[in-house]
Amino acid sequence: AVDEGERKAYLRSAFNHDEIEKMQLHYPELLTVPLLLKMIREMSGPLEGAFTRTDLYGAYFNQVMQTANPHGDQDWINRCFDRMADISLRWLAQGRSQRFEVAETGFTKEGLAADGEDPVFQGENFFPFLSGILQQTHHRWEFCHPSFQEYFAARKLACSRDWREI
């Protein structure tokens, strides 16, 4: 956890000072997590309405995608998110959680082929604009943080009618 002095020093250059102070009043636990602080500091857009981890992740990922492809519309971003959500939930359903990988983290690149045009992967490599979300070696890929896999899997579950059976 990060104490208030460290948080203020770290976020000094952040764009959203007023919104960060509101978040501190209502949701102080969000401002003690180093990953969330990094995401907040890197965001240049408004944080208004982003008061949960889910909101912060969504706003951060949207910004990463919009920065990488300024001409991409929200539909394109949603297709990318949906693809990452499909992959995330599939791996979790098979018992493959990046958070609990010990010896060899991440996932093999086998089986990434999608039907039709894939907005995330080109062959066995992901598109470079996803480098803030995904990372890879020659044979494996993984999310930059285990909670990213969990976020995308939860996004898929939230839209699934049979989420209770999964």
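Given the structure is predicted, the values throughout are model-derived calculations rather than measurements. Residues take numbers from 1 onward in each chain, read along the sequence in its written order. Local features in this predicted model are restricted to residues of pLDDT 70 or higher, and side-chain atom pairs are both shown and tallied only at a pLDDT of 80 or more, whereas totals for entire chains, interfaces and linings draw on every residue. To get the side-chain values, all heavy atoms of the structure are used, and hydrogens and water are removed first.

S.K.: Can you lay out the packing of aromatic side chains for me, pointing to particular residues and giving the numbers?
M.R.: A pair of Phe, Tyr and Trp rings is counted when the ring centres sit within 6.5 Å of each other, with Trp represented by its six-membered ring. The angle between the planes then sorts it: under 30 degrees is stacked, over 60 is edge-to-face, the rest tilted. Applying the stated criterion across every chain yields a total of 17 aromatic pairs. Plain terms: the ring middles of F121 and W141 are 5.5 Å apart, the flat faces sit at 65 degrees to each other, and that makes the pair edge-to-face. In this pair, F121 is assigned in strand 2 (residues 121–122) and W141 in strand 5 (residues 140–143), connecting sequence segments 20 residues apart. Note on accessibility: F121 and W141 belong to one class, buried. For the ring pair F143 and F152, a centre distance of 6.1 Å and an interplane angle of 25 degrees mean the geometry is stacked. In this structure F152 comes out as buried when scored by relative accessible area, which is 0%. Three or more aromatic residues link up through ring pairs in this structure, and these residues are Y57, Y60, F61, F81, W91, F107, F121, W141, F143, F148, Y151 and F152. The lysine or arginine in question, R41, covers the ring of Y10, its NZ or CZ lying 3.8 Å from the ring centre. Only DSSP runs of H or I covering at least 4 residues are called helices, and only runs of E covering at least 2 are called strands; the numbering of each starts at the N terminus. Each residue's exposure class comes from its accessible area (1.4 Å probe, protein chains only) as a fraction of the maximum for that residue type: buried when under 20%, exposed when over 50%, partly exposed otherwise. The criterion for a charge sitting over a ring is simple: Lys NZ or Arg CZ within 6 Å of the ring centre, and within 35 degrees of the ring normal.

S.K.: Requested: an account of the sheet that holds strand 4 (residues 134–136), with residues and values cited.
M.R.: Criterion used throughout: strands pair if DSSP finds at least two bridges between them. Read across the sheet, three strands follow the order 1-5-4 without closing on themselves; strand pairing throughout is antiparallel. This sheet does not close on itself; its edge strands, each paired only once, are strand 1 (107–108) and strand 4. Sheet topology note: the strand 4/strand 5 ladder contains three bridges and is antiparallel. Within the sheet, the bridge partner assigned to Q135 lies in strand 5 and is E142. Note on definitions: a residue-residue contact is assigned when non-hydrogen atoms from the two residues lie within 4.5 Å. Helix axes are fitted to C-alpha atoms over the stretch in contact, other axes to C-alpha atoms as well, and angles between N-to-C directions run from 0 to 180 degrees. Helix 5 (residues 74–93) rests against strand 1, strand 4 and strand 5 of the sheet, and its axis sits at about 100 degrees to strand 5.

S.K.: Let's hear about the packing of helix 3 (residues 34–42) against helix 4 (residues 53–68): which residues, and what values?
M.R.: Remark: helix 3 packs on helix 4, axes separated minimally by 10 Å, with the N-to-C direction vectors making an angle of 45 degrees. By the angle class used here, helix 3 and helix 4 are oblique. In terms of crossing hand, the pair formed by helix 3 and helix 4 is left-handed. Here L35, L36, K38, M39, I40 and E42 of helix 3 come into contact with helix 4, specifically with R53, L56, Y57, Y60 and Q63. Ten residues, namely Ala, Val, Leu, Ile, Met, Phe, Trp, Tyr, Cys and Pro, are considered nonpolar, four, namely Asp, Glu, Lys and Arg, are considered charged, and the remaining ones, Gly among them, are considered polar. Of the residues contributing to the contact of helix 3 with helix 4, the split by class is seven nonpolar, one polar and three charged. In this scheme, roughly parallel covers angles under 35 degrees and roughly antiparallel covers those over 145, while 65 to 115 is roughly perpendicular and the rest are oblique. By definition, any crossing whose near helix is turned counterclockwise from its far helix by less than a right angle is left-handed, and any crossing with a clockwise turn is right-handed.

S.K.: So what's going on with the environment of K22? Which residues, and what values?
M.R.: Within the secondary structure, K22 is located in helix 2 (residues 17–26). K22 sits 29 residues away from F51 along the chain, and the two C-alpha atoms are 9.3 Å apart.

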